[in-house]
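# Coordinate analysis (summary)
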Amino acid sequence: MRIQVKANDSNNKNKPLIITVCNNYFKLSDAREVYRKSKTEGLQDDNVVIEIRTENEDEGEVKNTLVLGVEDAENMALTLLNISKEIKN
């Protein structure tokens, strides 16, 4: 699963950014194993990747890559959803 959205760079309004969110593993079974081991063996959960890059035709310059665990990604998603819901109401 993968999604890309456009965003504004707060430091440079003329240089749009592309934010890509995707899973870190090709196989769901690998992702599940990492998640389970993070709960039982202390392995770091690195299932969700967020890449921030500049917008242009040749994929742009990668500015930063964030790696999150499943639960942190869920918390972030819920926070974004709650903020959006409050603004719309």
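Residues numbered from 1 in each chain as written. Predicted model: local features only at pLDDT ≥ 70, side-chain atom pairs only at ≥ 80, totals over all residues. Heavy atoms only, no water.

### Thoughts on the pattern of salt bridges
For the structure shown, the criterion picks out three salt bridges. The partner of Glu71 in a salt bridge is Lys39, with the nearest N and O atoms 2.9 Å apart. Of this pair, Glu71 sits in helix 2 (residues 70-88) while Lys39 sits in helix 1 (residues 28-40); the two residues are 32 residues apart in sequence, bridging distant segments of the chain. Glu71 sits in the partly exposed class, given a relative accessible area of 35%. By relative accessible area, which is 49% here, Lys39 ends up partly exposed. The salt bridge partner of Arg53 is Glu51, with a shortest N-O separation of 3.8 Å. (Salt bridge = Lys/Arg side-chain N within 4 Å of Asp/Glu carboxyl O. Helix = DSSP H or I, 4+ residues; strand = E, 2+ residues; numbered from the N terminus. Buried < 20%, exposed > 50% of the residue type's maximum accessible area, 1.4 Å probe, protein only.)

### Quick look at helix 1
With 13 residues, helix 1 ought to run about 18 Å at 1.5 Å a step, and its terminal C-alpha atoms sit 18 Å apart, in line with that. Two residues or fewer after helix 1 comes Gly42, characterised by a positive phi angle close to 80°. (Expected span 1.5 Å × (residues − 1).)

### Concerning the environment of Ile50
Note on placement: Ile50 falls in strand 3 (residues 48-54). What makes Ile50 buried here is its relative accessible area of 9%. With 26 residues separating them in the primary sequence, Ile50 and Asn24 have C-alpha atoms 9.5 Å apart. Discounting residues that sit within four places of it in the chain, Ile50 has contacts with Ile19, Thr20, Val21, Asn64, Thr65, Leu66, Leu68 and Met76. (Contact = heavy atoms within 4.5 Å.)

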